[in-house]
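Inside the fold
Okay, here's what each chain looks like letter by letter:
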Protein chains: 2
Amino acid sequence: MSTRGRYGLRAIIDMAIHQEQGPVSLREIASRQNLSENYLEHLVASLRRGNLLNSVRGPMGGYYLARNPDSITLGEIIRILEGPIAPVECSLSQEEKCASPEDCFVHRLWQNLSREVNEIFDKRTLGDLLEDAHSYKNIEGCFKFLDKEDVEKK
Amino acid sequence: MSTRGRYGLRAIIDMAIHQEQGPVSLREIASRQNLSENYLEHLVASLRRGNLLNSVRGPMGGYYLARNPDSITLGEIIRILEGPIAPVECSLSQEEKCASPEDCFVHRLWQNLSREVNEIFDKRTLGDLLEDAHSYKNIEGCFKFLDKEDVEKK
DNA sequence: GATAAAACCTATCAAAATAGTAGGGATAGA
DNA sequence: TCTATCCCTACTATTTTGATAGGTTTTATC
């Protein structure tokens, strides 16, 4: 899991929490999450193109969730940010990528692992995460230092 | 999953299948699996240092499994070859890496994901894989082209 | 003992992926 | 018109990956 997935997830959660007061701007997110606004732009652009976010341009503009948090899975978010969640490429499709998928038990192994790992990510919705987040008194606080780099910076 | 995990797994399965006739040399494996002998050396060295393989030096030497296949899990193999199976680093330990693990729900999310994914890998043993392999008529054949690169070469 | 087959070790290197930076549009509220 | 914001593209530095190369040590066999 690279910074794309980690920062991007923080961004979308941050957005979900703050979007009641209207679209959330990149500047706000970058400031709250202590991330580079320029870099964040790339990640949020992916989320928008992946149809998870809508945007409003101009002053007072920003981003907001395109769908209900309960209909957005963690798997969807991560796949958009990081690409397919799969151990190896040849397990991705039934196409003519692998020489003989059905004759290859290691291939089938990768396919099964891939399916199971995706299930783990897909059974969690953004709604679940938000619910979990709200059980904390200080939601902002629990965002401050999610990553090793942040701790080192500090 | 990089080539380390993929090639390394092929190597250890190949070894397990052929070790009845004595230690299996790198040359044999490299030839059967169509891999670079030099590169394979690195991977097998990791497996040996990880105490999954023993070696015999000199002519007729080679490698063999240090333990019973049923006691070696896929998770163990992959962790040795690829490093910890975890979405993000801060979910690895209870140590003072993250600022406040217990106050951070995203941190807990990573921990839970990490645990569940490791379970998927750990519930499969090398013994299981071998059993699966032997259900194929042509075990050698199903090894030939496991990876995208191999198919492209072909 | 000499030869050779093998494990073992270290350094180096090219290519790819990652993590960002920079700078300039386009849009729209004030 | 001004400016805050999204939007887009190009560039770059660093790190990781995937090797390659060349040597040393061990040991069975002749």
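Above this text sits the structure in question.
Predicted, not measured: the structure shown is a model, and the values here were computed from it.

As a further point, take the overall build of chain A. A count of helices and strands for chain A gives 7 helices and 2 strands. Ordering the α and β elements of chain A from the N terminus gives α-α-α-β-β-α-α-α-α. For chain A, the proportion of its 154 residues judged to be buried stands at 50%. Across chain A, contacts joining residues at least 24 apart in sequence account for 63% of those joining residues at least 6 apart. Carbon and sulfur atoms make up 47% of the accessible area of chain A, which amounts to about 7,600 Å² in all.

A few words on the packing of helix 2 (residues 26–33) of chain B against helix 3 (residues 37–49) of chain B. The relative placement of two packed helices comes down to the angle between their axes together with the axis-to-axis distance. Residues and elements named next belong to chain B. Remark: helix 2 packs on helix 3, axes separated minimally by 9 Å, with the N-to-C direction vectors making an angle of 115 degrees. Handedness of the crossing formed by helix 2 with helix 3: right-handed. Only Glu37, Leu40, Glu41 and Val44 of helix 3 make contact with helix 2, whose side of the interface consists of Leu26, Arg27, Ile29 and Ala30. Across the contact of helix 2 with helix 3, the residue classes tally to 5 nonpolar, no polar and 3 charged.

Here the focus is the packing of aromatic side chains. Residue and element names in this part refer to chain A. Throughout the structure, instances matching the rule amount to 2 aromatic pairs over all chains. Their ring planes at 85 degrees and their centres at 6.2 Å tell us that Tyr7 and Tyr39 sit as a pair that is edge-to-face. Here Tyr7, found in helix 1 (residues 3–18), pairs with Tyr39, found in helix 3 (residues 37–49); they are 32 residues apart in sequence, far enough to count as distant. On the basis of relative accessibility, which here comes to 10%, the residue Tyr7 falls in the buried class.

By the definition in use, this model includes 18 salt bridges over all chains. One salt bridge in this structure joins A:Glu116 and B:Arg124, with 2.8 Å as the shortest N-O distance. Of this pair, A:Glu116 sits in helix 5 (residues 105–122) while B:Arg124 sits in the loop between helix 5 (105–122) and helix 6 (126–134), each in a different chain. Under the relative-accessibility criterion, B:Arg124 is labelled buried at 13%. Salt bridges linked by common partners bring A:Asp14, A:Glu28 and A:Arg32 together as one network.

Around DNA strand D sit 25 residues in total, of which A:Glu41, A:Ser55, B:His42, B:Arg57 and B:Pro59 are the nearest. Atoms of DNA strand D within 4 Å of the protein: sugar and phosphate make up 61%, bases the balance. Within the side chain of A:Arg48, a nitrogen or oxygen atom sits 2.9 Å from a phosphate oxygen of DNA strand D. A:Tyr63 has a polar side-chain atom sitting 3.0 Å from a phosphate oxygen of DNA strand D.

Another aspect to go through is the protein's contact with DNA strand C. Near DNA strand C you find 26 residues, and of these A:His42, B:Leu26, B:Glu41, B:Arg48 and B:Ser55 are the closest. Sugar and phosphate atoms form 57% of the subset of DNA strand C atoms that lie within 4 Å of the protein. B:Arg48 has a polar side-chain atom sitting 2.9 Å from a phosphate oxygen of DNA strand C. For the surface near DNA strand C, the secondary-structure elements that each account for two or more residues are helix 1 and helix 3 of chain A together with helix 3, strand 1 (53–56) and strand 2 (62–65) of chain B. Here the surface near DNA strand C is built from residues that sort into 8 nonpolar, 12 polar and 6 charged.

Conventions and cut-offs
- Residues numbered from 1 in each chain as written.
- Chains lettered and ligands numbered in written order.
- Predicted model: local features only at pLDDT ≥ 70, side-chain atom pairs only at ≥ 80, totals over all residues.
- Heavy atoms only, no water.
- Helix = DSSP H or I, 4+ residues; strand = E, 2+ residues; numbered from the N terminus.
- Buried < 20%, exposed > 50% of the residue type's maximum accessible area, 1.4 Å probe, protein only.
- Contact = heavy atoms within 4.5 Å.
- Areas by Shrake-Rupley, 256 points an atom, 1.4 Å probe, with all protein chains shown as cover.
- Axes fitted to C-alpha atoms, helices over the stretch in contact; angles between N-to-C directions.
- Left-handed = near helix turned anticlockwise from the far one by under 90°.
- Nonpolar A, V, L, I, M, F, W, Y, C, P; charged D, E, K, R; others polar.
- Phe/Tyr/Trp six-rings, centres within 6.5 Å; stacked < 30°, edge-to-face > 60°.
- Salt bridge = Lys/Arg side-chain N within 4 Å of Asp/Glu carboxyl O.
- Near = heavy atom within 4 Å.
- Polar contact = N/O pair within 3.5 Å; in protein donor to acceptor, adjacent residues only side chain to side chain.

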